[in-house]
Amino acid sequence: MSVIHFAHSNGFTALTYRYFLEQLAPNDVQYLEKFGHDKRFEPRFSWAPLTNQLIESIEKQRKPVIGLGHSLGAVVTLNAYYKRPDLFKGLIMMDPPFFGKKMRLLLLGARIVGVSGKLVPPAVKAKKRKSEWESKAAVAESFRNKPLFKDFHPEAFKDYIEYGLVETEQGRAKLDFSTKEEYRIFKHTPFSLGSGKIDVPSFYLYSSRFEIGSAASIEEHKKRFKQTEFIAVDAGHMFPMEQPEKTAQLVKDLIKRAM
């Protein structure tokens, strides 16, 4: 049995992945509950504060962990490895937003002129996102057929409604992950990938639908991360939610084979 430390994507709390994480048994799964909401680790100019937040969480373990991250969590997990390789015995990155060279230059330019919050599409959406509804039932009815959620496994969708929303004092349903913090994180999306050799077994699982990045950017990353095994997953960017059982089995197989 291995200790897996999971890091979630932006806008989703760790508990919204409950069904997926349960499929990783009998491994011991630990996680950081929510990035960016601790004032000590608010992102500014980069995701470095989030990296420090993750490191603090992993340091509570008594032995090196397998870092498992999705999207934002995959990037931060890799950066935590670069900073504290002693904390890790393996890395599994699920569809990290590592963009190609042209997109990274665009992000850099937007950062320089101070308009990244207006030019990064996910940041724009987060800033405009509705955050409160009449009830969880109303959210479930409204969200089920939205593009982001339509392919979610039924249990994963139930987890999002149950754990992604909290009840207000007025009895309404409110997003647990603050749209303000979601916007702040997207606004400070890094334009560099970090660098360094990866000396532990590492895997890069990416969506073959290329909802994040492109086929060309994946080829670019293969040259950059030469020690890492790349594996295509036939699902969307949210494949841990869309195919939780299949994805968890893949993760367990990789751990058994290499770690």
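Further up the page is the structure itself.
Summarised in this report is the structure supplied together with it. Residue indices follow the written sequence of each chain, beginning from 1 at its first position. Whole-chain, interface and lining totals are the exception, using all residues; otherwise, since this is a predicted model, local features are given only for residues with pLDDT of at least 70 and side-chain atom pairs are given and counted only at 80 or more. In computing side-chain values, all of the structure's heavy atoms are included and hydrogens and water are not.

Side note on the side chain of serine 9
Following the sequence through the fold, serine 9 ends up in the loop between strand 1 (3-7) and helix 1 (18-22). Sequence-distant contacts of serine 9, that is, excluding residues within four places in its chain, are made with Tyr17, His70, Ser71, Leu72, Gly73 and Met238. Elements are defined by DSSP. Helices are runs of H or I of four residues or more, strands are runs of E of two residues or more, and each kind is numbered from the N terminus. Should any heavy atoms of two residues lie within 4.5 Å, those residues are counted as being in contact.

Focus: unusual backbone geometry
Residue proline 26 follows alanine 25 across a cis peptide bond; omega there is 10°. The topology assignment puts proline 26 in the loop between helix 1 and strand 2 (28-31). One non-glycine residue, serine 71, lies in the positive phi region at around 60°. Its location among the elements puts serine 71 in the loop between strand 3 (65-70) and helix 3 (72-83). Of note in this structure, phenylalanine 210 is not a glycine but carries a positive phi near 50°.

Topic: the sheet that holds strand 4 (residues 88-94)
At least two bridges found by DSSP between two strands are what make those strands a pair. In space, the six strands of this open sheet follow the order 2-1-3-4-8-9, with parallel pairing throughout. Each of the sheet's edge strands pairs with one partner strand only, and the pair in question is strand 2 and strand 9 (229-233). Taken pair by pair, the neighbouring strands of this sheet meet at an average axis angle of 20°, ignoring direction. The sheet contact formed by strand 8 (residues 202-207) and strand 9 spans five bridges and is parallel. Bridging from a neighbouring strand, tyrosine 206 pairs with alanine 232 of strand 9. To get an axis, fit a line to the C-alpha atoms, keeping to the stretch in contact for a helix; angles then go from 0 to 180 degrees between the N-to-C directions. Each of strand 1, strand 3 and strand 4 touches helix 3; the most contacted strand, strand 4, lies at about 155° to it.

Here's the deal with the side chain of threonine 77
Considering the arrangement of structural elements, one finds threonine 77 in helix 3. By relative accessible area, threonine 77 is classed as buried at 2%. Apart from the residues lying within four places of it in its own chain, the contact partners of threonine 77 are Ala7, Leu54, Gly67, Leu68, Gly69, Phe88 and Leu91. The buried label goes to any residue with under 20% of its type's maximum accessible area, the exposed label to any with over 50%, and the partly exposed label to all in between, with areas taken from a 1.4 Å probe on protein chains only.

Some points on the sheet that holds strand 7 (residues 173-175)
One open sheet holds the three strands; their spatial order is 5-7-6, and the pairing between them is antiparallel. Edge positions in the open sheet fall to strand 5 (132-133) and strand 6 (165-167), since each of these has one partner strand only. Direction of pairing for strand 6 relative to strand 7: antiparallel, over a ladder of three bridges. Directly across from leucine 165, in strand 7, lies its bridge partner leucine 175.

Observations regarding the pattern of salt bridges
Take a side-chain nitrogen of Lys or Arg and a carboxyl oxygen of Asp or Glu: if they are within 4 Å of each other, that pair is a salt bridge. Under the counting rule described, the total for this entry stands at 20 salt bridges. One salt bridge in this structure joins aspartate 176 and lysine 34, with 3.1 Å as the shortest N-O distance. Within this pair, whereas aspartate 176 is found in the loop between strand 7 and helix 9 (179-187), its partner lysine 34 is found in the loop between strand 2 and helix 2 (48-58), the two being separated by 142 residues in sequence. According to the relative accessible area criterion, lysine 34 is buried, its value standing at 18%.

Looking at the packing of aromatic side chains
Here a pair means two rings of Phe, Tyr or Trp (six-membered ring of Trp) with centres within 6.5 Å. Their orientation is stacked below 30 degrees between planes, edge-to-face above 60, and tilted elsewhere. Under the definition given, this model contains 17 aromatic pairs. With a centroid separation of 5.3 Å and 25° between ring planes, the pair formed by phenylalanine 143 and phenylalanine 149 is classed as stacked. Each of the two residues, phenylalanine 143 as well as phenylalanine 149, counts as buried. Every member of this aromatic cluster is reached through a ring pair, and the members are Phe12, Trp133, Phe143, Phe149, Phe152, Phe157 and Tyr160. Only when the NZ atom of a Lys or the CZ atom of an Arg is both within 6 Å of the ring centre and within 35 degrees of the ring normal do we say a charge sits over the ring. Arginine 144 extends its terminal NZ or CZ atom over the ring of phenylalanine 157, reaching a point 4.3 Å from the ring centre.

Things to note about helix 12 (residues 244-258)
Residue count minus one, scaled by 1.5 Å, sets the expected span of a helix. Over its 15 residues, helix 12 runs 21 Å from end to end, which matches the ideal 21 Å to within 8%, given 1.5 Å per residue. All of the buried residues along helix 12 are Pro244, Thr247, Ala248, Val251, Leu254 and Ile255. All buried residues of helix 12 lie within an arc of 120° about the axis, which places them on one face of the element. Across from the buried face of helix 12, at angles greater than 90 degrees, the exposed residues are Lys246, Lys256 and Arg257. Arc definition: directions from the helix axis to the C-beta atoms.

Describing the packing of helix 2 against helix 3
One can describe the packing of helix 2 onto helix 3 by two numbers: an axis separation of 9 Å at closest approach and a directional angle of 75°. Between helix 2 and helix 3, the angle falls in the class roughly perpendicular. Where helix 2 approaches helix 3, its residues Leu50, Thr51, Asn52, Leu54 and Ile55 are matched on the opposing element by Leu72, Val76, Thr77, Asn79, Ala80 and Lys83. Roughly parallel covers angles under 35 degrees, roughly antiparallel covers those over 145, roughly perpendicular covers 65 to 115, and oblique covers all other angles.

Here we look at the pairing of strand 3
Most of strand 3 sits out of view: six of its six residues are buried. Alignment of strand 1 against strand 3, held across four bridges, turns out to be parallel. Each bridged residue has a counterpart across the sheet, and for isoleucine 4 the counterpart in strand 3 is isoleucine 66. Here strand 3 runs beside strand 4; their pairing, made up of six bridges, is parallel. Residue pairing across strands places glycine 69 opposite methionine 93, the latter belonging to strand 4.

Everything listed is a geometric property; what it means functionally is a separate question.
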